Amino acid sequence: MGGYRQSVGIFDTHAHYLVRDFGDELEQVLNELPKKNVERVIAVGCNLQSSEEEIALAKRYDWIYASAGIHPEDADKLPGDWEERIEALLKSPKAVALGEIGLDYHYEDSPSKDVQRKVFITQLEMAKRLDVPVIIHSRDACAETLEILREYKPRGVMHCFSYSAETAAEVVKLGMYVGFTGVLTFKNAKKTVAACEAVPLDRLLLETDCPYMAPEPHRGKRSDSSMIEFTAAKMAEIKGVSAQEMIEIANENGKRLFLNS
Ligand code: NI
């Protein structure tokens, strides 16, 4: 065989591209991604408004897909028709996941645990009914998240993974994928590195969570999907493969989970 093979690009499975964060530069940032080795992106919604915005972006850009869902921090003050609206958004041709959804007990002023739990479970049931994968956000709520995942057994990813290696292994056992952001490159990321070690290659996903979580050497700056190369290089080092192999493997994993291909 031999000869020329076109190299596979980056699949950023978790990004937020909103005018709120990128302002006038949004178009330019998005247009430059394919030139920076980014092959496709999932633009992730967190509430009704951002889900609508991300789905609209996916309609305009070939390489952008989108998700719709209610983030735990947005789980209160929802309008009466929120479920119908999320469901309608998920029927858009390029909507590929329900998310991000989950539990976040980090902040005191977040919606109550009861409210978060109810909105999370409602969306897990919706994902089952519509047969779409879920993107799970879980922070300082490990035991309760696992308990719910064991009960509802969704297809999907635990995103921006921040828990232990034991928990990562448990998530893999449940059949789910595990996503890592630029946090993996931080100097104090020992626990996250150990979690990444515990996940088999065919369950790893690369994410930016941009505009947040920029990897080293860009930590603290506004990030975009092209910065995944630094996270990919770190993940490759942890897993003992080359950076390009890691990008290809994560791309395949993302396609299998979100694009059924
Ligand atoms: Ni996110």
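Rules and cut-offs
Residues numbered from 1 in each chain as written. Predicted model: local features only at pLDDT ≥ 70, side-chain atom pairs only at ≥ 80, totals over all residues. Heavy atoms only, no water. Helix = DSSP H or I, 4+ residues; strand = E, 2+ residues; numbered from the N terminus. Buried < 20%, exposed > 50% of the residue type's maximum accessible area, 1.4 Å probe, protein only. Contact = heavy atoms within 4.5 Å. Areas by Shrake-Rupley, 256 points an atom, 1.4 Å probe, with all protein chains shown as cover. Lys, Arg positive; Asp, Glu negative; His and termini not counted. Charge placed at Lys NZ, Arg CZ, Asp CG, Glu CD. Donors = N, O, S within 2.8 Å, 3.2 Å for Na, K, Ca; no water. Tetrahedral: all angles 85-135°; square planar, octahedral: opposite > 155°, others 65-115°. Axes fitted to C-alpha atoms, helices over the stretch in contact; angles between N-to-C directions. Parallel < 35°, antiparallel > 145°, perpendicular 65-115°, else oblique. Left-handed = near helix turned anticlockwise from the far one by under 90°. Nonpolar A, V, L, I, M, F, W, Y, C, P; charged D, E, K, R; others polar. Core = buried A, V, L, I, M, F, W, Y, C linked by side-chain atoms within 4.5 Å. Arc of directions from axis to C-beta. Phe/Tyr/Trp six-rings, centres within 6.5 Å; stacked < 30°, edge-to-face > 60°.

Chemist: Hey, could you run me through the overall build of the protein in this one?
Modeler: Along the protein, the regular secondary structure elements total 10 helices and 8 strands. Oriented by its inertia axes, the alpha-carbon framework of the protein measures out at about 55 × 40 × 40 Å. Going through the 261 residues of the protein one by one, you find that 55% of them count as buried. Partitioning the contacts of the protein with sequence separation of at least 6, the portion at a separation of at least 24 is 71%. For the protein, the exposed surface amounts to about 12,000 Å²; the carbon and sulfur share of it is 49%. Computing the positive centroid from 32 side-chain charges and the negative centroid from 42, the protein places the two 3 Å apart.

Chemist: Sorry if this is basic, but what is going on with the coordination of the nickel ion here?
Modeler: Put simply, the ideal angle at a metal is 109.5 degrees for four donors in tetrahedral geometry and 90 or 180 degrees for six donors in octahedral geometry. For the nickel ion, every protein donor is listed as His 14 (NE2), His 16 (NE2), Glu 100 (OE) and Asp 209 (OD), and the spread of their distances is 2.1 to 2.2 Å. Classification of the site at the nickel ion rests on its 4 donor atoms, whose angles at the metal span 85 to 173°, yielding the label irregular. One chain supplies every donor to the nickel ion, and in sequence these donors are spaced H-x1-H-x83-E-x108-D. His 16 shares its class with His 14; the two are buried.

Chemist: Would you take a moment to explain the packing of helix H5 (residues 113-130) against helix H6 (residues 142-152) for this structure?
Modeler: When two helices pack together, their arrangement is captured by the angle between the axes and the distance separating the axes. Two elements in contact, H5 and H6, have axes separated by 11 Å at closest approach and are oriented at 30°. When the axis of H5 is compared with that of H6, the two are roughly parallel. At the point where H5 passes H6, the crossing takes the right-handed sense. From H5, Arg 117, Phe 120, Ile 121, Leu 124, Glu 125 and Lys 128 reach across to H6, where they touch Glu 144, Glu 147, Ile 148, Leu 149 and Tyr 152. Residue composition of the contact of H5 with H6, by class: 6 nonpolar, no polar and 5 charged.

Chemist: I tried to follow the nonpolar core on my own but got confused; where do I start?
Modeler: One broad trend across soluble globular proteins is that nonpolar side chains are buried collectively. The biggest cluster of nonpolar side chains holds 70 residues, and the ones touching the most others in it are Tyr 17, Ile 136, Phe 161 and Phe 180. Here this core gets 6 residues from one element, more than from any other, and that element is H5. Membership of the second largest hydrophobic core comes to 11 residues, among which are Val 96, Val 157, Tyr 177 and Leu 205.

Chemist: Which parts of the structure should I look at to understand H6?
Modeler: Within an α-helix, residues lying three or four positions from one another point in the same direction, as the helix has 3.6 residues per turn. Along H6, the residues classified as buried are Thr 145, Leu 146, Ile 148, Leu 149 and Tyr 152. Along the axis of H6, the buried residues cluster in a sector spanning 165°; they form a single face. The exposed set on the far side of H6, more than 90 degrees from its buried face, consists of Ala 143 and Glu 151. If you follow the buried residues of H6, they end up packed against strand S4 (95-104), H5, strand S5 (134-139), strand S6 (156-158) and helix H7 (165-173).

Chemist: Just to check I follow, could you spell out unusual backbone geometry for this structure?
Modeler: Most peptide bonds take the trans configuration, and most residues that are not glycine carry a negative phi. A cis amide bond links Gly 99 with the next residue in sequence, Glu 100, at an omega value of 5°. Along the chain, the position of Glu 100 falls in strand S4. Going from Glu 216 to Pro 217, the amide bond is cis rather than trans, its omega being 5°. Along the polypeptide, Pro 217 turns up in the loop between strand S8 (204-206) and helix H9 (228-239). Of note, the phi angle at Lys 77 is positive, near 55°, even though the residue is not glycine. Tracing the backbone shows Lys 77 in the loop between strand S3 (64-68) and helix H4 (82-90). Backbone geometry places Asp 209, a non-glycine residue, at a positive phi of 60°.

Chemist: What exactly am I supposed to notice about the packing of aromatic side chains here?
Modeler: The description of two aromatic rings rests on the distance between their centres and on the angle between their planes. Tallied over the full model, the rule gives 4 aromatic pairs. Ring centres of Phe 161 and Tyr 163 lie 6.0 Å apart, and the angle between their planes is 85°; this geometry places the pair in the edge-to-face category. On the basis of relative accessibility, which here comes to 8%, the residue Tyr 163 falls in the buried class. Pairing Phe 161 with Phe 180 gives two aromatic rings, centres 6.1 Å apart and planes at 65°, and the pair type is edge-to-face. Linking Phe 161 in the loop between S6 and H7 with Phe 180 in strand S7 (residues 177-180), this pair joins segments that are 19 residues apart in sequence. Since its relative accessible area comes to 4%, Phe 161 is described here as buried.

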